[in-house]
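Structural features, examined
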Amino acid sequence: MDTIRLSIVTPNGEIFNDDVKTVTLPGKEGEFGVLPGHSSLISSLTVGVIVIEKANSTEAVAINWGHVKVDEKSVDVLADGAIALTAGNDSEIAKNIEAAKVLVNSVKDSNISVASVEAKINSFA
């Protein structure tokens, strides 16, 4: 088993559902990576960027907050707000990156450096 199924769902519907090699999540205690065969866990997610490694590409989704349920075969993210940073053409990506900055700046969590999240978002521009 060299992939794990990742789904990212918001109140507006599913924005990602595919098999991935790894996923890095913005956990409350810091970023953590999930590989196929990961032990089961449930965690809160904080504002940040989910980095998705697929076989031939890297994708990224900015979230404001949410929860994740992990087991050996799947990673299920429930996010309050999420914006894909890497999907679409260049102008759509640019628009999404600006929207993602608005999303992360709407979060009032004093423990999070919005500047570092913005820097990560910009890295996908």
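Residues numbered from 1 in each chain as written. Predicted model: local features only at pLDDT ≥ 70, side-chain atom pairs only at ≥ 80, totals over all residues. Heavy atoms only, no water.

Per an unreviewed UniProt entry, the recorded name for the chain is ATP synthase epsilon chain, and the organism is Arcobacter venerupis. Turning to the chain, the UniProt annotation filed under Subunit (unreviewed entry) states: "F-type ATPases have 2 components, CF(1) - the catalytic core - and CF(0) - the membrane proton channel. CF(1) has five subunits: alpha(3), beta(3), gamma(1), delta(1), epsilon(1). CF(0) has three main subunits: a, b and c." (UniProt positions renumbered as here; feature names shortened; annotations may be inferred.)

So, the confidence of the model for the chain
Taken residue by residue, the chain gives an average pLDDT of 92. The fraction at 70 or more is 96%. Per-element confidence in the chain ranges from a low mean pLDDT of 88 for helix α2 (residues 114–122) to a high of 98 for strand β9 (residues 74–79). (pLDDT = per-residue confidence, 0-100. Helix = DSSP H or I, 4+ residues; strand = E, 2+ residues; numbered from the N terminus.)

Brief notes about the nonpolar core
In this structure, L6, I8, L25, I50, I52, V75 and V77 are the most contacted members of the largest nonpolar core, which totals 20 residues. For this core, the elements supplying multiple residues, two or more each, are β1 (4–10), β2 (13–20), β3 (22–27), β4 (30–34), β6 (48–53), β7 (58–63), β8 (66–70) and β9. (Core = buried A, V, L, I, M, F, W, Y, C linked by side-chain atoms within 4.5 Å. Buried < 20%, exposed > 50% of the residue type's maximum accessible area, 1.4 Å probe, protein only.)

A look at the pairing of β3
Looking at chain direction, β3 and β6 are connected through three bridges and run antiparallel. By the bridge assignment, V23 is partnered in β6 with I52. Of the strand pairs in this sheet, β3 and β4 are connected by five bridges, and their pairing is antiparallel. The partner of P26 across the bridge, within β4, is E31. Here β3 hands over to β4 after two residues, the two strands then running antiparallel side by side. (Pairing = 2+ DSSP bridges.)

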